[in-house]
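Below are the chains, spelled out letter by letter.
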There are 2 protein chains.
Amino acid sequence: MTVRALRHYDEIGLLSAGERTGSGHRRYTEDDLRRLYRVRSLRSLGLSLEEIAGVLAEPAGDLAAMRVLLTAQLRGLEARAVQLQQLTRQLRGLLARIDSASMPDPDQFMTTLEMISVFETYFTPEQREQLAQRRTELGGTAIEAARTEWAGLVEELLCHVRDETPVDDPRVRDLVARWDTLGNRFHVDGQGGERTKTAARRMWDDNSEEIGPSLPWPADRMRNLLAYLERVRQQLG
Amino acid sequence: MTVRALRHYDEIGLLSAGERTGSGHRRYTEDDLRRLYRVRSLRSLGLSLEEIAGVLAEPAGDLAAMRVLLTAQLRGLEARAVQLQQLTRQLRGLLARIDSASMPDPDQFMTTLEMISVFETYFTPEQREQLAQRRTELGGTAIEAARTEWAGLVEELLCHVRDETPVDDPRVRDLVARWDTLGNRFHVDGQGGERTKTAARRMWDDNSEEIGPSLPWPADRMRNLLAYLERVRQQLG
DNA sequence: CTTGAACCCGCCGTAACGGAAGGTCCTACC
DNA sequence: GGTAGGACCTTCCGTTACGGCGGGTTCAAG
């Protein structure tokens, strides 16, 4: 407890010293001290100063109001615990990939980072949950291998996009076949009554329908890549 | 992603639009978009914008620096997970006590809140960890009963302090005996080479040695209570 | 009587943006 | 070709729970 915090509580009217000495120094009474104890304990439970002021303003000890607040607080904590677990899982996976010899290439790792962002943007939390469940089913090593393969495929395909490799080139056909094989393992349900889509297909749709009009640039890189994929698929029939 | 966030990244120099139109509108290039994806994914991993600027400033993809950052992040998450669990336990305990019929009295609940604050102030985290371990050993219901009894004892004793009940009164002797019996179940080790102390004894010492001089008021309520306890104990011999 | 510590007040800063005010620009429609 | 409505621009203020600094006053001990 710092004296600065006491001054802050005074400023916002949460806890003012009951008396002042002749020279202006704050003199806290016993009641102030008890109020301070309550404030501190409620803060240690994670309530905001505003919420604390609310419950302490009630006529001496409204347990009903307190119960509502603490219940909400508990729910919030549980939600954060879930997020925290997911984050921990993700961090562990990334670190394992950095440490393993399978990811010595910084560029590939950066591509992975970009894909993480794309995933979080274009999939709903439910779909990501579904994907997470699929991941646990497939096992850690399998999914890590798939991720690495995917990042590699993205890099290779982008080279072909840049070089304008014709879509009937056997190398490209092979790459796209591997892309689809990989993607088919990660079907997710679309929103509402939509048909099941692969990850790539859903990214493509959302890319053209949502990102396109709302920002002045088209998401060129991904758009080009996915359009290229489409053309190759049409060639494949 | 809001346009406001993009402007913020521009302001702090994390991500500026590569070009501007003649009228001053920001035009983001493909490279800007890739950088944005990296920024977003690193932020979703919990890194601060400053840290992100740091790793992205390195010559294209320094995996070693990234590894250090992500490892630190993981450690932080694990620490927060522990705190979060403790908080959840505490909140559940309090809510159970509000809901149970054993705590219908708002005043007693407020006293409990004050005691929480005192505990967190006067015990080191290690000691509180020790107490938590003791709690798990004793089981949930036993410890809840003890807490309720303790809050009741505090209230009753404070009445006697206020009324200046003589220390050889049988009612007071009985209360203090119960206090000590309760307290003896919660011995904690003192700091450094100190002898083992009971919770009450340690509170008393810290109360007079630390709180007293640093604040203009003595912690009257607790001091009076504990001094009274001491006097009764001396009477008991 | 001095001196060092503790207090007073007021102001600025934090992280990562959100929001409003007031003005410019772009595009679609009539 | 004018206009309407949306999207964009800059600048400034606000958020949480305090921390820190500067300049001035007060207090208790030696």
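Whatever comes next refers back to the structure up there.
Residues numbered from 1 in each chain as written. Chains lettered and ligands numbered in written order. Predicted model: local features only at pLDDT ≥ 70, side-chain atom pairs only at ≥ 80, totals over all residues. Heavy atoms only, no water.

**Observations regarding the protein's contact with DNA strand C**
Taken together, 16 residues form the shell around DNA strand C, and within it R7 and R26 of chain A together with T2, Y9 and S23 of chain B come nearest. Of everything in DNA strand C that lies within 4 Å of the protein, sugar and phosphate atoms constitute 69%. One nitrogen or oxygen atom from the side chain of Y9 of chain B is found 3.1 Å from a phosphate oxygen belonging to DNA strand C. Looking at the surface near DNA strand C, the elements with two or more residues in it are helix 1 (3-11) of chain A together with helix 1 (3-11) of chain B. Tallying contributions element by element places helix 1 of chain B first for the surface near DNA strand C, with four residues. Taken together, the residues that form the surface near DNA strand C break down as three nonpolar, seven polar and six charged. (Near = heavy atom within 4 Å. Polar contact = N/O pair within 3.5 Å; in protein donor to acceptor, adjacent residues only side chain to side chain. Helix = DSSP H or I, 4+ residues; strand = E, 2+ residues; numbered from the N terminus. Nonpolar A, V, L, I, M, F, W, Y, C, P; charged D, E, K, R; others polar.)

**Notes on the relation of the copies chain B and chain A**
Each copy of the sequence occupies a distinct position, and chain B is placed on chain A by a rotation of 180° and an axial shift of 0.0 Å, giving an RMSD of 0.2 Å. The superposition of one copy onto the other is thereby described by a two-fold rotation axis. Proximity to the rotation axis, assessed at the C-alpha, singles out A81 of chain B in chain B; its C-alpha lies 3.5 Å from the axis. Mapped onto chain A, 100% of the interface residues of chain B are again interface residues, and the two copies thus contact each other with one and the same surface. (Least-squares fit on C-alpha atoms with pLDDT ≥ 70 in both. Contact = heavy atoms within 4.5 Å.)

**As for the interface of chain B and chain A**
Taken together, the 57 residues of chain B in the interface contact 57 residues of chain A. Approximately 5500 Å² of surface area, both sides summed, lies buried where chain B meets chain A, with 72% of it carried by carbon and sulfur atoms. Run the count over chain B and chain A and you get four salt bridges. Ionic pairing is found between R92 of chain A and E78 of chain B, a salt bridge with its closest N-O pair at 3.1 Å. Where chain B meets chain A, there are six residue pairs in polar contact (both at pLDDT 80 or more). Counting only elements with at least two residues in the side of chain B that touches chain A, the list comes to strand 2 (26-27), helix 2 (30-44), helix 4 (63-99), helix 5 (106-122) and helix 10 (220-236) of chain B. For the side of chain B that touches chain A, the leading source of residues is helix 4 of chain B, giving 21 residues. Looking at the side of chain B that touches chain A, its residues break down into 31 nonpolar, nine polar and 17 charged. (Buried area = accessible area lost by both parts, 1.4 Å probe. Salt bridge = Lys/Arg side-chain N within 4 Å of Asp/Glu carboxyl O.)

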